[in-house]
Amino acid sequence: MKTTAPLMTNQIDIDQLTPLEAAVELARLAEEIARHDRAYYQSDAPSISDADYDALRQRNAAIEAAFPELVRADSPTRRVGATPAEGFGKIRHARPMLSLDNAFTDADVEEFAGRVRRFLGLADGETVALVAEPKIDGLSISLRYEKGRFVQGATRGDGTEGEDVTANLRTINDLPRQLSGPVPDVLEVRGEVYMLRADFLAMNEARKTQGDKTLFANPRNAAAGSLRQLDPDITASRPLSLFCYALGEVSEPIADTHWDFLARLRSWGFKVNDRVRLCGGVDDALAFYHAIGEERALLPYDIDGVVYKVNRFDWQERLGQVSRSPRWATAHKFPAEQVQTLLHEIAISVGRTGALTPYAILEPVTVGGVVVSRATLHNEDEIVRKDIRAGDTVIIQRAGDVIPQIVAVVEAKRPAEARPFVPPEICPVCGSHAVKPEGEAIRRCTGGLTCDAQRVERLIHFASRGAFDIEGLGEKNVEFLFRTGRIRGPADIFRLEGQEEQSLLPLRTQPGWGAKSTQKLFEAIRARRVISLERFILALGIRQVGEATARLLARHYLSLDAWRDAMLAAAQNREGDAWLQLTAIDQIGPAVATDIADFFLEEHNRQAVADLARQLERIEDFVPTAKAASPVSGKTVVFTGTLTGMSRDEAKARAQELGAKVAGSVSAKTDYVVAGQDAGSKLTKARDLGVAILSEEEWLSLIGR
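Residues numbered from 1 in each chain as written. Predicted model: local features only at pLDDT ≥ 70, side-chain atom pairs only at ≥ 80, totals over all residues. Heavy atoms only, no water.

### A short note on the state of the cysteines
Then, in step 1: Using the criterion set out here, one finds 0 disulfides in the structure.
Then, in step 2: Free of any disulfide, Cys 427 has its nearest cysteine sulfur in Cys 445, 3.7 Å distant. (Disulfide = S-S within 2.5 Å.)

And the structure:
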C-alpha cells in the first residue's frame, strides 16, 4: 500500500522562501499553533482538525530545518500541550509528559530511524528494534502508585503541570487500584483514557432519547469531557476505558526494554493494547502501520496513527528529548478525510498583534459526523495562491471533530460572478490603515494600542493562564471592563480595587457581577501582585516571545532590572555587547531579538512596563531548578570539532539538561569551549579571547560522566 501525506495548504515552496519570509511564516505558525493547543488541551474543543494541525506543525518543522538560524524560542517544536484549566487542583509531573513528533510518510519514518542511528553513532548493520503501538485517540493521563496502591492521577496539561483528576480516574473499571506482586515503591504509569465506539454511540443515543440535545461530537471529546467533570459521579456514569503504554517516574529499574516493560504492566493488572508489536526494524514497523490502517474501521476504538518507540531503554535514555518531544519516538499519522462544500464569504478577524486573519464562512457540512461551518485561510497570500473566491465550491479536510482547512477550489463549479478576493486596506475594527510590509505574508493594522481589537486581545493575553493567570478575568470579563472604561492597559487591572469605592457605578452593581464575584476577582488580582519573571515577560505580549522564549530570557538575565536594562541597551545599539549577548542565547536568533528590541525602543512600551512593575509587590528573580544545579549550571558552552564519545547533538542535549546555555558562537561571555577533533575558527577565537578550552575528556570529567 502506498502511503501519502495529508494534503497541505498551497503556500510558497520552502525552497523559495527568503529569510525574511521564513521568519514571518515561523512567527505566524507559532502564534496559530499555540492558539490551537489552548483550544485542544484546555477546553476539549479543538479549533482546527487533526490533519490541519499536523500540517501546520509539519510546515513549521520544515521551515526550521531549512532556516535553522531562525528557529524561534517559542517554536511549537519546543512546547507541549497547554496550561491546565481552572476548576481542578494542579499536579506537577515528576517527569515531563511529552508529546510526539509526527511522521506522515514512509520516508518520514525512515528518516526518524536514520536520526536515531546518527544520534547514537550506530554502525550501519546494527538493528534498531521498535515497538509499534496503535495511537489511541483519547486523553493522556498519568497514574501514580506508591507501594502498589493508586494514589494520584493527572492529565498531561502543558506537559509540566496537569489537572488532578484522581477521584474521576478511580471510577474507571480498567484502572487497577492495588497492584499485586513485587512492585517498586514509586511507580508512575502513563496511558490514554478513551471511549469505545459502541459505548460512544450508545451514550449519545441515550441522551437523544432523554431529550438532551447536547450530543458529543466524537469518542475523543466524549472521553475528555467525561474525565474532566468536576463531579466524579458524572464521570462514573460514563463508559470510559483505559490503555497503559508508558513509564514515568519509578523508584527502581523494572525492565531493560519497552517491550519487557509492557509485559510487566500486564502482570500487574494494567490493560495494554493487544495490537502492540515488537518490530525488528523500520520495514516491520511500516508493514504493521499499513496492515492496521486497512482494518482501522473495524477496530472497536478510534486510532489516528501508529506510535513507534525505540525498544531499548538505555538507548532511550541516551537519545533524551528536545523541548516538547522525545527523540526516541514518533507518531505515524493516517491521511485525512476530505469533503466539498460552498464558501459563502471571506471574513476578517484582528488579533492582538494587529494581524488581519482571513477566514472562510462555509455552508455547514458534515465531516466524520461533525458539522463544520468555518475554516481558517491563514493570510491573503494563501487566498491569492489558491484563487479562493466567495461563491466557490471548496475541498476541505479534517481528521477529527473540528474546523477544517481549505485544501483546494473546485474550479469547474465556480459561478461566473465570482470575483477575486480584494485584501482590506482599512482595519475593520478601528478604521486605521492596514498594511502589508514588503516580503511579509501578514497584513497588519497600524492602529497599535489605539485599536480596540489589539488592546483587548493584549489584555486577554496578559491575564491568561500562561501569563499572569488571573482567575475570573477571561475574555468576556476583559471585554466588559475595557468597554466600560475600567481598564485600558495591564497596570489598570491592579488599580481596579482601589477605584471601586470612588466609582459612581461600582463593578459590584453591574449586570452579571455582584458583590461576591467582584470580591473573588479582586482576591485573584491581589494574588498576582507577586509574579515570576518569566510570567511577567510573557505577559507583555511581545511578538515572538512565547512561554519558552520568556523562560530563556528569565534564565539568562535573572532579574527584571537586568533584563530591562539589557533590552534597552540592545535596542539602542544593535552592534553593541547587549545585542550580541541577546542574539548569542541559544534558540534566540536575530528575528526574535529584533522584535524584543523594537518593543523596548518604543517609549510608551517602556512606560507601560514601568507602570506595571510599580503596581506589583514583587517580581521574583529567576532561580535555577535543583536539576540545573550542576558544575555547568548557568555557564555558556560552545562545542566545536568532531566528538568521539557521543554525537554533537547528544553533547548539546546533555549540557542543556545540566543547566548550561549552549551557544553557536564564541564571545567574551563564553565560559567554556569544548574542542573535539579538527576544531576550527571557534577554537581560534576562544584562544584569542582567553576563553577556557576543554577537551572532550575534560568536559566529560567536569560534568561527572
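### With respect to the packing of aromatic side chains
Then, in step 1: Taken as a whole and judged by the stated rule, the model has 15 aromatic pairs.
Then, in step 2: With 5.8 Å between their ring centres and 65° between their planes, Phe 468 and Phe 494 make a pair best called edge-to-face. Placement of the pair is Phe 468 in the loop between helix H12 (452-463) and helix H13 (475-483) and Phe 494 in the loop between helix H14 (490-493) and helix H15 (496-500), with a sequence separation of 26 residues. The pair formed by Phe 468 and Phe 494 is uniform in burial state, with each residue classed as buried.
Then, in step 3: A cation sits over an aromatic face here: Arg 488 above Phe 482, 3.9 Å from the ring centre. (Phe/Tyr/Trp six-rings, centres within 6.5 Å; stacked < 30°, edge-to-face > 60°. Helix = DSSP H or I, 4+ residues; strand = E, 2+ residues; numbered from the N terminus. Buried < 20%, exposed > 50% of the residue type's maximum accessible area, 1.4 Å probe, protein only. Lys NZ or Arg CZ within 6 Å of the ring centre and 35° of its normal.)

### Quick notes on unusual backbone geometry
Then, in step 1: Phi angles above zero are rare outside glycine, and His 378 is one such case at about 70°.
Then, in step 2: Mapping His 378 onto the fold places it in the loop between strand S14 (370-376) and helix H11 (380-386).
Then, in step 3: Not every positive phi belongs to a glycine, and Asp 469 is a case in point at roughly 55°.
Then, in step 4: Position of Asp 469 among the secondary structure elements: in the loop between H12 and H13.

### Digging into the confidence of the model for the protein chain
Then, in step 1: With 90% of its residues at a pLDDT of 70 or more, the protein chain shows a mean pLDDT of 85.
Then, in step 2: In this model residues 1-10 is a low-confidence stretch, pLDDT under 50, and it forms 29 contacts with partners more than four residues away in sequence or in other chains. (pLDDT = per-residue confidence, 0-100. Contact = heavy atoms within 4.5 Å.)

### Observations concerning the environment of Gly 138
Then, in step 1: By secondary structure assignment, the location of Gly 138 is in the loop between strand S3 (130-136) and strand S4 (139-146).
Then, in step 2: The exposure class of Gly 138 is buried, given its relative accessible area of 6%.
Then, in step 3: Linking Gly 138 and Tyr 194, residues 56 residues apart in sequence, is a C-alpha distance of 4.5 Å.

### A word on the layout of surface pockets
The gaps left among the atoms become clear once a water-sized probe is rolled over them.
Then, in step 1: In this structure, the second largest pocket spans a volume of roughly 1,200 Å³.
Then, in step 2: Along the walls of the second largest pocket sit 45 residues, with Arg 458, Gly 541, Arg 543, Phe 599 and Asn 605 positioned nearest its centre.
Then, in step 3: Only helix H1 (19-43), strand S18 (444-445), H12, H14, helix H21 (590-601) and helix H22 (603-615) provide two or more residues apiece to the lining of the second largest pocket.
Then, in step 4: Here the lining of the second largest pocket takes 7 residues from H22, the largest share from any one element.
Then, in step 5: When grouped by side-chain class, the residues that make up the lining of the second largest pocket number 21 nonpolar, 12 polar and 12 charged. (1 Å grid on protein atoms, 1.4 Å probe; cavity = no way out; pocket = protein on both sides within 12 Å on 5 of 7 lines; lining within 4 Å. Points joined across faces, edges and corners; volume = space filled by probe spheres on them. Nonpolar A, V, L, I, M, F, W, Y, C, P; charged D, E, K, R; others polar.)

### Some remarks on helix H6 (residues 219-227)
Then, in step 1: The buried fraction of H6 is high, at 9 of 9 residues.
Then, in step 2: Listed in full, the buried residues belonging to H6 are Pro 219, Arg 220, Asn 221, Ala 222, Ala 223, Ala 224, Gly 225, Ser 226 and Leu 227.
Then, in step 3: Regarding H6, its N-cap is Asn 218, as a side-chain oxygen of that residue lies 3.1 Å from the backbone nitrogen of Arg 220 further along. (Polar contact = N/O pair within 3.5 Å; in protein donor to acceptor, adjacent residues only side chain to side chain.)

### Let's talk about the sheet that holds strand S11 (residues 329-333)
Then, in step 1: The strand order S2-S11-S10-S3-S9 describes an open sheet built from 5 strands, whose pairing is mixed. Every other strand in the sheet has two partners, leaving strand S2 (102-103) and strand S9 (277-279) as the edge strands with one partner each.
Then, in step 2: Summarising the sheet, S2 and S11 pair through 2 bridges and their orientation is parallel. Across the sheet, Ala 103 pairs through a bridge with His 332, a residue of S11.
Then, in step 3: In the packing of helix H9 (residues 282-294) onto the sheet, contacts are made with S3, S9, strand S10 (303-310) and S11, and the angle to S10 comes to roughly 165°. (Pairing = 2+ DSSP bridges. Axes fitted to C-alpha atoms, helices over the stretch in contact; angles between N-to-C directions.)

### Points about the sheet that holds strand S5 (residues 149-155)
Then, in step 1: Across the sheet, 4 strands lie side by side as S5-S4-S7-S8; this open sheet has antiparallel pairing. The outermost strands of the open sheet, each flanked by one partner alone, are S5 and strand S8 (241-250). With direction set aside, neighbouring strand axes in the sheet form an average angle of 30°.
Then, in step 2: Taken together, the 6 bridges between S4 and S5 define a ladder with antiparallel strand orientation. Following the sheet pairing, Ser 142 is matched in S5 by Ala 154.
Then, in step 3: Of the strands in this sheet, S4 and strand S7 (186-194) touch H6, which is tilted by about 40° from S4.
Then, in step 4: On the sheet, helix H8 (residues 258-268) packs against S7 and S8 and is oriented at approximately 120° with respect to S8.

### With respect to the pattern of salt bridges
Then, in step 1: Under the defined criterion, the tally for this structure stands at 33 salt bridges.
Then, in step 2: Salt-bridge contacts for Asp 381 lead to Lys 436; the nearest nitrogen and oxygen are separated by 3.3 Å. Remark: Lys 436 occurs in the loop between strand S17 (434-435) and S18 and Asp 381 occurs in helix H11; sequence separation between them is 55 residues.
Then, in step 3: Given the relative accessible area of 29%, Lys 436 is considered partly exposed.
Then, in step 4: For Arg 528, the salt bridge identified is with Asp 469, shortest N-O distance 3.5 Å. Taken together, the residues span a long stretch of sequence, with Arg 528 in the loop between helix H16 (514-526) and strand S19 (530-532) and Asp 469 in the loop between H12 and H13 at a distance of 59 residues.
Then, in step 5: Asp 469 gets classed as buried once you look at its relative accessible area, which sits at 10%.
Then, in step 6: A single salt-bridge network, built from bridges that share partners, covers Glu 25, Arg 28, Glu 32 and Arg 59. (Salt bridge = Lys/Arg side-chain N within 4 Å of Asp/Glu carboxyl O.)

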